Amino acid sequence: MENVLEALGLTRNEAAVYRALVSLGGGTGGMIISHAGVSRGRAYDCLHSLAARGLVSVSFQNNRQRFSPAHPRRLRLLLNEKRRGLNSLSSALDAEVSRLEALIPSSPEPRMLLFHGREGLKSLFDDCLESTGEVLVLGAYTENSAVLKYFLQYVLPRFHKARVKRDISFRYLYPQGSAERARQVLSLPLTRVRILPLSIASVSAVQVRGDKVDLILWSGQGTGVTIDSRDIAQQQRDYFNFLWAQSKPLRKAKKIKQARI
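Let us look at the structure shown here. (Residues numbered from 1 in each chain as written. Predicted model: local features only at pLDDT ≥ 70, side-chain atom pairs only at ≥ 80, totals over all residues. Heavy atoms only, no water.)

## A look at the nonpolar core
Generally speaking, a soluble globular protein has its nonpolar side chains buried in company with each other. What counts here: We define the nonpolar core as a collection of buried residues of types Ala, Val, Leu, Ile, Met, Phe, Trp, Tyr and Cys that are connected through side-chain atoms lying within 4.5 Å of one another. For every residue, the accessible area obtained with a 1.4 Å probe (protein chains only) is divided by the maximum for its type, and the residue is called buried under 20%, exposed over 50%, and partly exposed between those limits. Segments assigned H or I by DSSP are reported as helices when at least four residues long, segments assigned E as strands when at least two residues long, and all are numbered from the N terminus. Note on contacts: a residue pair qualifies if any of its non-hydrogen atoms lie within 4.5 Å across the two residues.
In terms of nonpolar packing, the biggest core is built from 30 residues, with Phe151, Phe170, Val193 and Trp218 touching the most fellow members. Sort the elements by how many residues they give to this core and helix H7 (residues 146-165) lands first, with eight residues. Excluding its chain neighbours within four sequence positions, the residues that come into contact with Phe170 are Cys128, Val135, Val137, Phe159, Arg163, Leu190, Thr191, Arg192 and Gln207. If you look at the next biggest cluster of nonpolar residues, it comprises 22 residues, including Tyr18, Ile33, Ala36 and Leu75.

Now the structure itself:
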């Protein structure tokens, strides 16, 4: 129980004192000290701080202080206060992020970011969830990639649920050899898929989103490169649309076993 109380903002000693008070139904300072296992000085400090939070009330009987606990339902008020504080912090953070983004110097030169390994690629896909327009993917699939298998099982299912929730649509192009994989992807909402008139095996994928182009290599430990350039992104988008026009639409089969995407 103390862990929950600490998460609400109480110290460990305050949590112990409050729990002792509840189990006793109230009592004198000496009773609480004995039951809570807290030193006298700390116990009284905790009682006063708990009283300030509205979790303890103080009365006098025979010239002695007696402490009574507020009903545990009052703890929900602490949670509501914490939520309001987090909402306020979230709004302040959004404003601060906007101010900091305005300080980023604009540059006509492309900026590149390198992502390495599973955690790096996770960061790349997290950034993809900030996309505001359609995302274009020249897909790749290979049975020999351990990191791709890991992403198919643990990362991409959550990613696609999140991007559908954010109303981010995807268009995929796959080579003929990846038709089965393409049908699995087609089963997702907000997704269109076409098949290229090519039969190639690739361990790399290209993703175009906004002013960014992602190059993803699924071999080894996995590597990603994000190029932030409006011109390069537009060129890749034009190239994708050219290939899209040369490709055949993939129709949803009547019955497709839903796979992890």
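There is more to say, and it comes next.
## Focus on the pairing of strand S8 (residues 212-217)
Side-chain positions along a regular strand alternate between the two faces of the sheet. What counts here: Any two strands with at least two DSSP-identified bridges between them are counted as paired.
With six bridges connecting them, strand S7 (residues 204-209) and S8 associate as antiparallel partners. Across the sheet, Ala205 pairs through a bridge with Ile216, a residue of S8. The turn joining S7 and S8, which pair antiparallel and follow one another in sequence, is formed by two residues; a positive phi near 60° is taken by Gly210. Pairing of S8 with strand S9 (residues 223-228) involves six bridges; the strand directions are antiparallel. Bridge pairing links Asp214 to Thr226 in S9. Where S8 hands over to S9, the hairpin turn is made up of five residues, of which Gly220 adopts a positive phi near 60°.

## What about the side chain of Ser131?
Put simply, the test is: We call two N or O atoms a polar contact when they sit within 3.5 Å, provided that within protein one can donate a hydrogen and the other can accept it, with sequence-adjacent residues counted only if both atoms are side-chain atoms.
Tracing the backbone through its elements, the reader meets Ser131 in the loop between helix H6 (117-128) and strand S4 (135-138). Among the residues examined, Ser131 registers a relative accessible area of 14% and is labelled buried. In terms of polar contacts, Ser131 uses its side chain to reach the backbone carbonyl oxygen of Cys128, at 2.7 Å. Here Ser131 is in contact with Ile168 and Arg209, once residues within four sequence places are set aside.

## Some details on the packing of H6 against H7
Put simply, the rule is: For every element, the axis is a line fit to its C-alpha atoms; helices are fit only across the contacting stretch, and the angle between N-to-C directions ranges from 0 to 180 degrees. For a crossing to be left-handed, the near helix must be turned anticlockwise from the far one by less than a right angle; the clockwise case is right-handed. Under the grouping applied here, Gly and all other residues not named as nonpolar or charged are polar, the nonpolar ones being Ala, Val, Leu, Ile, Met, Phe, Trp, Tyr, Cys and Pro and the charged ones Asp, Glu, Lys and Arg.
Remark: H6 packs on H7, axes separated minimally by 12 Å, with the N-to-C direction vectors making an angle of 30°. Seen from above, H6 lies across H7 with right-handed handedness. Contacts from Arg118, Leu121, Lys122, Phe125 and Cys128 of H6 reach H7 at Val147, Tyr150, Phe151, Val155, Leu156 and Phe159. A per-class count over the contact of H6 with H7 returns nine nonpolar, no polar and two charged.

## Focus: the packing of helix H2 (residues 12-24) against helix H4 (residues 40-52)
The condition that has to hold: The scheme is simple: roughly parallel for angles under 35 degrees, roughly antiparallel for over 145, roughly perpendicular for 65 to 115, oblique for anything else.
Contact geometry of H2 with H4 gives a least axis separation of 9 Å together with a crossing angle of 80°. In this view, H2 runs roughly perpendicular relative to H4, as classed from their interaxial angle. Here Asn13, Glu14, Val17, Tyr18 and Leu21 of H2 lie close against H4, whose contacting residues are Arg42, Ala43, Cys46, Leu47, Ser49 and Leu50.

## Let's talk about helix H3 (residues 29-36)
Heads up, the rule is: Directions are taken from the helix axis to each C-beta atom, and the arc is the one they span.
Of the positions making up H3, those classed as buried are Gly29, Ile32, Ile33 and Ala36. For H3, the arc enclosing every buried residue in end-on projection is 100°, short of the 170-degree limit, so these residues lie on one face. Against H2, H4 and strand S2 (64-69) lie the buried residues of H3. Positive backbone phi, at 70°, marks Gly37, one or two positions downstream of H3.

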